[in-house]
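Per-entry structural report
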Amino acid sequence: MNVCPRIQRICDVDGLTKLDVLDLHSNQISQIENVSRLSKLRLLNLSGNRITRVENLQGLNCLTELNLRHNSITSVTDVENLPRLQRLFLSSNSISRFDALACLWHCRSLSELSVDGNPVALESCYRQTLLRCCSPHLQLLDMKRVTEEERRTASVSARKEDEKKKESHKQAAHKERRRLAIQNAAQQWEGLKTCLELPAQNGSKEDVSPDYSPAHSPAQTNGNTQETSPDEPQDAGGPNVQSLSMSDSHLAELDGETLRLFGPGALETLDRCWGVQTAASVTAIAFRYMHFDSIIPMFLRIRLKFPNLTHLMFMETSITHLPQLAALAQVRRLEQISVDPEGNPVVRLTLWRSFLIYRLQHLNLQKINGTEVTMNEIMASERMFGALGHVAATETPRCRLLLLLEESRKRQLQFLLDGRGRRSGQSPDDLKENGKQLGDALSRALFTPHILMLIDQCPQYLRGLIHRASAHCVKADALQKLWPSLFSEIVRDCVLEMRDRQAFRQTRLQRLHSESQT
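- For the protein chain, an unreviewed UniProt entry supplies the name Leucine-rich repeat-containing protein 49 and the organism Cyprinus carpio.

This is how it looks when you write it as structure tokens:
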């Protein structure tokens, strides 16, 4: 019995211009081709073949039904070029993505569609997605009638999807603006650093703490673990980030309980009118890409505006000397301070942590760069700086003391200096305690920039002393070697000069006479 060979290609149909129905199902056709001249064709059945891609459908202007069931189709194209297509059957193929059906979204005449039996039909939102994207005239989907309730649900879903896309685009635009603002702030900061010739990269070995060396991890400074930077410049922030101020070169944003400020222009945010609840929610402020000296005038406003602030972070802020750290004493309460080594050379100084502990002891400081402040460190800092502070407090004139203290401390000092405490009936123990507290405050407050500069310059001063002492030793050794011959020459010159005593006396008398005349 002879078996009829199966058709492998669509060919020799160009002349059938009036053909109404073409049924080539259950063959071995792998490609749709040579049908563009069948302008009168109304029905095309290619089910049960080996087609992998729907294409080459141009010119089929009268086609109303296309059957492509049971093929190996993965992508659908050119269907949007069929102006009268009403029924499309794509069941039991290999379509796995909605993107592969994107051309169907433009088929406005489609009334019946079958896509069941494809991997994409297993998606949880499969039916709703097709109803949302396909023609509003679609009546049957996978042989099931489309209800009005389904249409309404799909319409609501479409609106939500559009809103979601708009919000996504808005967030993407904001993310890009944020990235550019931080990038420009960083570039301006690099230019400012170059102008100021910061010693961040060129510090001498003698000025650097031995713990801050290439052998140590970059995240450690003076033996203290450096907390990870609270933010990376290119991060977009979490969903709770609120942008407060943004320009081409600065950014201020509130990320949960942390206020982040990038660039000098962001400091203007501290002058804005803050709601009581918003200001109370801020517990940490991070400064980046700005000079620390421009931040100092803001500390008093920060103290008054943010009552629950406990943590200050400084990254790329040019903190180079201990006097700058002393300005932190203006803050009301501070439990943590983070000073990133990058762009803050002060972290390389051996005494910076001890000084910070001593100067800010009244703020109940608990952590520096993520490392707990221990009682041993507090005692060590007191031993190191306490004597110098006491000398400054006892030697400073009374008028100068009053200028350095806050108003409440001024009244307390004036009260004690005038001796009114004893006349008011306070006990000696109370007077002693008040005096001790005031003395501690004075000792810390009197760490003026001049004293702190001396501390900063101690290594340099010691090096100078060593250099001069070494020079004196070299000169003494040279004199010791030359002295025998030098002494012989002095004696010889004296003997020769006194050989003729008459001439010697006359010469000396003339010299004395000339000296008396002058």
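**Looking at the pairing of strand β17 (residues 336-339)**
- Of the pairings in the sheet, the one linking strand β16 (residues 311-315) to β17 comprises four bridges and is parallel in character. The residue bridging His311 from the neighbouring strand is Gln336, located in β17.
- Here two bridges tie β17 to strand β18 (residues 367-368), and the two strands are oriented parallel to one another. Within β18, the residue paired with Ile337 across the bridge is Ile368.

**Comments concerning the packing of aromatic side chains**
- Inspection of every chain in the model, using the stated rule, returns five aromatic pairs.
- With a centroid separation of 5.3 Å and 65° between ring planes, the pair formed by Phe292 and Phe314 is classed as edge-to-face. Of this pair, Phe292 sits in helix α4 (residues 292-295) while Phe314 sits in strand β16, and the two are 22 residues apart along the sequence. The burial state of Phe292 is the same as that of Phe314; both residues are buried.
- Counting every residue linked through ring pairs, the aromatic cluster contains Phe287, Phe292, Phe299 and Phe314.

**Some remarks on the pairing of strand β14 (residues 258-262)**
- Of all five residues in β14, five are buried, a share of seventy percent or more.
- Covered by surrounding structure in β14 are Thr258, Arg260 and Phe262 together with Leu259 and Leu261, the residues of both alternating faces.
- As consecutive antiparallel partners, strand β13 (residues 251-255) and β14 are separated by two residues, and within that stretch Gly256 has a phi angle of approximately 65°, a positive value.
- With five bridges joining them, β14 and strand β15 (residues 284-288) adopt parallel strand pairing.

**As for the sheet that holds strand β12 (residues 241-246)**
- A sheet is described by the order of its strands in space; here eight strands give the open sequence β12-β13-β14-β15-β16-β17-β18-β19, paired in mixed fashion. Of all the strands in the sheet, just β12 and β19 (371-372) have a single pairing partner and so form its edges.
- In the sheet, β15 pairs with β16 via five bridges, with the strands oriented parallel. Its bridge partner being in β16, Phe287 is matched across the sheet by Phe314.

**As for the state of the cysteines**
- Overall, the coordinates contain zero disulfides when judged by the stated rule.
- Its sulfur unpaired, Cys125 is 9.5 Å from the next cysteine sulfur, which belongs to Cys133.
- Among the residues examined, Cys125 registers a relative accessible area of 34% and is labelled partly exposed.
- Not part of a disulfide, Cys133 finds its nearest cysteine sulfur in Cys134, a span of 6.8 Å.

Parameters and conventions
- Residues numbered from 1 in each chain as written.
- Predicted model: local features only at pLDDT ≥ 70, side-chain atom pairs only at ≥ 80, totals over all residues.
- Heavy atoms only, no water.
- Pairing = 2+ DSSP bridges.
- Helix = DSSP H or I, 4+ residues; strand = E, 2+ residues; numbered from the N terminus.
- Phe/Tyr/Trp six-rings, centres within 6.5 Å; stacked < 30°, edge-to-face > 60°.
- Buried < 20%, exposed > 50% of the residue type's maximum accessible area, 1.4 Å probe, protein only.
- Disulfide = S-S within 2.5 Å.

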